[in-house]
Amino acid sequence: MVMADSVQKPLIRGPVRVGFYDIERTLGKGNFAVVKLARHRITKTEVAIKIIDKTQLDAVNLEKIYREVQIMKMLDHPHIIKLYQVMETKNMLYLVTEYAKNGEIFGLVGGLYPCQLKGKPTECPILFATECELKS
């Protein structure tokens, strides 16, 4: 009886999948979530998937996440990222959203909101940044 070589071949893994999406790379990380770039297996549409580890959240913050999801489902505006799909397991929550290939507006202005750039001392939320500029 001949023994096979003890050299192990590298394990060839396919792409990591979440639902109908193939994960391509990490876009960002937070304390309890990571955002991944993914591509729909059929349409080839790029999306961002926010993967939230529910085990890292207390009840209050988990409720805030669910409220955010409910609000995102109601929003339909060309300047707000669209929520396409929500998938949930016992420990994880997956939010499939539109992918903003140029990044978020907060990153484009060096961490300052447009109203702060004009010397205003108050912060303004991103949703109202344009309104803030118009009033200046």
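This is a predicted model, so every value here is computed, not measured.

**Considerations on the sheet that holds strand S4 (residues 46-53)**
One open sheet accounts for six strands, arranged S1-S2-S3-S4-S6-S5; its pairing is antiparallel. Each edge of the sheet is formed by a strand with only one pairing partner; in this case those strands are strand S1 (17-18) and strand S5 (83-88). As judged from the seven bridges shared by strand S2 (residues 21-29) and strand S3 (residues 33-40), these two strands associate in the antiparallel manner. From the neighbouring strand, Ile 23 faces S3, where its bridge partner is Ala 38.

**Quick notes on the nonpolar core**
In globular proteins that are soluble, nonpolar side chains generally tend to be buried together. Core analysis: the biggest nonpolar cluster contains 11 residues, these being Val 18, Tyr 21, Ile 23, Val 34, Ala 38, Val 47, Ile 49, Ile 51, Met 87, Tyr 94 and Val 96. Taken together, the elements giving at least two residues each to this core come down to S2, S3, S4 and strand S6 (92-98). Sorting elements by how many residues they give to this core places S4 first, with three residues. Once residues lying within four places of it in the same chain are set aside, the contact partners of Ile 23 are Val 16, Val 18, Lys 36, Leu 37, Ala 38 and Ile 49. With nine residues, the next largest nonpolar core counts Ile 65, Val 69, Met 72 and Leu 93 among its residues.

**Focus on the pairing of S6**
Burial within S6 is extensive, with five of its seven residues counted as buried. Of the pairings in the sheet, the one linking S4 to S6 comprises seven bridges and is antiparallel in character. When the sheet's bridge partners are listed, Ala 48 is paired in S6 with Thr 97. As defined by bridge partners, S5 adjoins S6 across five bridges and the pair is classed as antiparallel. Following the sheet pairing, Leu 83 is matched in S6 by Thr 97.

Conventions adopted
Residues numbered from 1 in each chain as written. Predicted model: local features only at pLDDT ≥ 70, side-chain atom pairs only at ≥ 80, totals over all residues. Heavy atoms only, no water. Pairing = 2+ DSSP bridges. Helix = DSSP H or I, 4+ residues; strand = E, 2+ residues; numbered from the N terminus. Core = buried A, V, L, I, M, F, W, Y, C linked by side-chain atoms within 4.5 Å. Buried < 20%, exposed > 50% of the residue type's maximum accessible area, 1.4 Å probe, protein only. Contact = heavy atoms within 4.5 Å.

From the geometry alone we can't say anything about function, so treat these as descriptive.
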